[in-house]
Amino acid sequence: MKDLLDNIKTKKAKIGVIGLGYVGLPLVSNFLKNGFEVIGIDVDDAKIKSLQSGESYIAHIDSSFIKDSIGNNLKVSSDISSVSKLDIIILCLPTPLNKNKEPDMSFVFNTIDELIPYLRSGQALSLESTTYPGTTSEDIFGMLQEKGLVAGEDINLIYSPEREDPGNAKFNTATIPKIVSGHTESCLRIAEALYSSIVDTIVPVSSTQTAELTKLLENIYRAVNIGLVNEMKIVSEKLGIDIYEVIDAASTKPFGFTPYYPGPGIGGHCIPIDPFYLTWKAKQHGVHTKFIELAGEINNSMPLRVLQKVEEVLLGKNLDISSSKILLLGMAYKKDLDDMRESPSISILQLLEDKGAEVNYSDPFIPVFPDTRKYEFNRGSLEINAQTLQDQDLVILCTDHTQFDYEFIRKESTEIIDTRGVYRGQLQANIHRA
């Protein structure tokens, strides 16, 4: 362990990051900026080719930085065997849900199975993916032990959950406090040394299970509060009260209240998924997490509420949804991002097409609709101009990108459904809320 600690402190430790997505690539960037040699590994050949040519596929990672790093202190590969040369291996892999809303750990477990033949004594293995309590200390520990590797003796086993918030101008990988944990005290010391070399503040916790549950709590807290405010939006609409005025007024209280805002659903790689990791684990221990599941039901129902509002608005114009032209503004799950993972816009698009509508979209960050695991829509982003807007029977504001000219959109559109409160306080007849 002393040799590894010394190598981390002197920046001689070779770092490997497996999974070069929205978590892995920023982590790679941060290690590079702090003087480490890094190997990035991903099974997606398109990502590898992009990085090898010096091109970033994530908006907030500068291509010029990738170009300067590649071939110097950054190498990228799809070859898992290269981990044998590394001192530290960090897993930033997807942990989605299956069709039954149960954890799908295949990306993590299959990768560890592939890694094991190339692991050697003295290395550190760190998992950053969101998961259920016990994954590190039970599942991964057991997988290593079956192959004769003892965590805490042969391999330093670490869990340190990612806390990326893409698009957040105030916080980044280096400035967001980092939860760190280890399977043993010696593993924790490695974790502290490793992450303190690239992050301003680290927060050690007593066990990997504690760290795993901490990550779930952070995102369940958000999911439940978003579910609450989405339900409040429904109530306030029935009462004829402006929910945004209510939230703004409540936000003046200097204690005990944190503002959350309603929307067309929830998206991203965490909030729609993470709560169900805990509900699944809790059921194994005979606990039914009613509160969490109810919030999930409310949030997942919001695209259907948008569909209902669409039908209501079109009916008021004597139009049938099956013969209507509809434009969605924004396909990303969050404003000013190019990230579509679990975006409610996709669900809305599918619901509208299932009803026979002709649906297009405009999103400055997503010029072409990429294929996803669930959906395949062959179309590209439309340019926002007067003709495009006037051709639509209805425009639905799904994602409130700052690049949209909202006043122009208001003037040129026949009918608008605003799911984000952009037009709050404006009483124009062609603006509707959902």
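Undergrad: How should the side chain of Arg410 be read in this particular structure?
TA: Along the chain, Arg410 turns up in helix 14 (residues 406-412). Look past the residues within four positions of Arg410 in its chain and what remains in contact with it is Ile416, Tyr423, Gln426, Gln428, Asn430 and Ile431.

Undergrad: What is the right way to read the nonpolar core from this model?
TA: The nonpolar side chains of soluble globular proteins are, as a tendency, buried together. Counting 40 residues, the largest nonpolar core has Ile18, Ile89, Leu91, Leu115, Leu119, Leu125 and Leu144 as the members making the most contacts within it. Ile18 has contacts with Ile41, Ile80, Val83, Ile89, Ile90, Leu91, Cys92, Leu93, Thr111 and Leu115, leaving out every residue within four places of it along the chain. Among the nonpolar cores identified, the runner-up in size contains 38 residues, and Leu51, Leu74, Ile190 and Ile198 belong to it.

Undergrad: What is the right way to read the sheet that holds strand 3 (residues 74-77) from this model?
TA: Note on sheets: strands pair through backbone hydrogen bonds, and any given pair is parallel or antiparallel. Pairing in this open sheet of eight strands is mixed, and the strands run 3-2-1-4-5-6-7-8 from one edge to the other. Edge positions in the open sheet fall to strand 3 and strand 8 (202-204), since each of these has one partner strand only. Each adjacent strand pair in this sheet contributes to an overall mean axis angle of 25°, direction not counted. Direction of pairing for strand 1 (residues 14-18) relative to strand 4 (residues 88-91): parallel, over a ladder of four bridges. Paired with Val17 across the bridge in strand 4 is Ile90. Along the sheet, helix 2 (residues 24-33) contacts strand 1, strand 2 (37-41), strand 3 and strand 4; its crossing angle with strand 1, the most-contacted strand, is approximately 165°. Here helix 8 (residues 208-239) sits on the sheet and contacts strand 6 (156-159) and strand 7 (178-182); the angle it forms with strand 7, its principal contact strand, is near 150°.

Undergrad: Would you mind showing me how to read the sheet that holds strand 9 (residues 325-329) here?
TA: Here we have five strands laid out as an open sheet, ordered 10-9-11-12-13, and parallel in their pairing. Whereas interior strands pair on both sides, the edge strands pair on one side only; in this sheet they are strand 10 (358-362) and strand 13 (431-433). When strand polarity is set aside, the average angle formed by the axes of neighbouring strands in this sheet is 25°. In this sheet, strand 12 (residues 416-418) lies alongside strand 11 (residues 394-397) in parallel orientation, the contact comprising three bridges. Opposite Val395, over in strand 12, you have Ile416 as the bridge partner.

Undergrad: Explanation requested: the packing of aromatic side chains in the structure shown.
TA: Any two aromatic rings considered together are summarised by their centre-to-centre distance and by the angle between their planes. Under the counting rule described, the total for this entry stands at seven aromatic pairs. Relative to Tyr277, the ring of Tyr132 lies with its centre 6.2 Å away and its plane at 25°, an arrangement referred to as stacked. Of the two residues, Tyr132 sits in the loop between strand 5 (124-127) and helix 6 (135-146) while Tyr277 sits in helix 10 (residues 274-284), which places them 145 residues apart along the sequence. By the burial criterion, Tyr132 is buried, and Tyr277 matches it. A network of ring pairs unites the aromatic residues Tyr132, Tyr277 and Trp280 as a single cluster. Lying across the ring of Phe276, Lys101 places its NZ or CZ 4.9 Å from the centre. Against the face of Tyr195 rests Lys178, its NZ or CZ located 4.6 Å from the ring centre.

Undergrad: Would you explain the environment of Pro364 in this entry?
TA: By secondary structure assignment, the location of Pro364 is in the loop between strand 10 and helix 13 (386-390). Put simply, Pro364 and Leu382 are 18 residues apart on the chain and 9.0 Å apart in space, counted from C-alpha to C-alpha.

Undergrad: Would you explain the packing of helix 10 against helix 11 (residues 290-316) in this entry?
TA: A pair of packed helices can be characterised by two numbers: the angle between their axes and the separation between those axes. The geometry of helix 10 relative to helix 11 is characterised by a closest axis approach of 10 Å and an angle of 145° between their N-to-C directions. Classified by chirality, the crossing of helix 11 by helix 10 is left-handed. Residues Pro275, Phe276, Leu278, Thr279 and Lys283 of helix 10 pack against Ile292, Glu293, Gly296 and Asn300 of helix 11.

Undergrad: Honestly, unusual backbone geometry in this entry has me stumped. Any pointers?
TA: Negative phi is the rule for most residues except glycine; trans is the rule for most peptide bonds. A positive phi angle, near 60°, is found at Asn318, a position not held by glycine. If you trace the backbone, Asn318 turns up in the loop between helix 11 and strand 9. For Asn318, a relative accessible area of 73% puts it in the exposed group.

Scoring rules and cut-offs
Residues numbered from 1 in each chain as written. Predicted model: local features only at pLDDT ≥ 70, side-chain atom pairs only at ≥ 80, totals over all residues. Heavy atoms only, no water. Helix = DSSP H or I, 4+ residues; strand = E, 2+ residues; numbered from the N terminus. Contact = heavy atoms within 4.5 Å. Core = buried A, V, L, I, M, F, W, Y, C linked by side-chain atoms within 4.5 Å. Buried < 20%, exposed > 50% of the residue type's maximum accessible area, 1.4 Å probe, protein only. Pairing = 2+ DSSP bridges. Axes fitted to C-alpha atoms, helices over the stretch in contact; angles between N-to-C directions. Phe/Tyr/Trp six-rings, centres within 6.5 Å; stacked < 30°, edge-to-face > 60°. Lys NZ or Arg CZ within 6 Å of the ring centre and 35° of its normal. Left-handed = near helix turned anticlockwise from the far one by under 90°.

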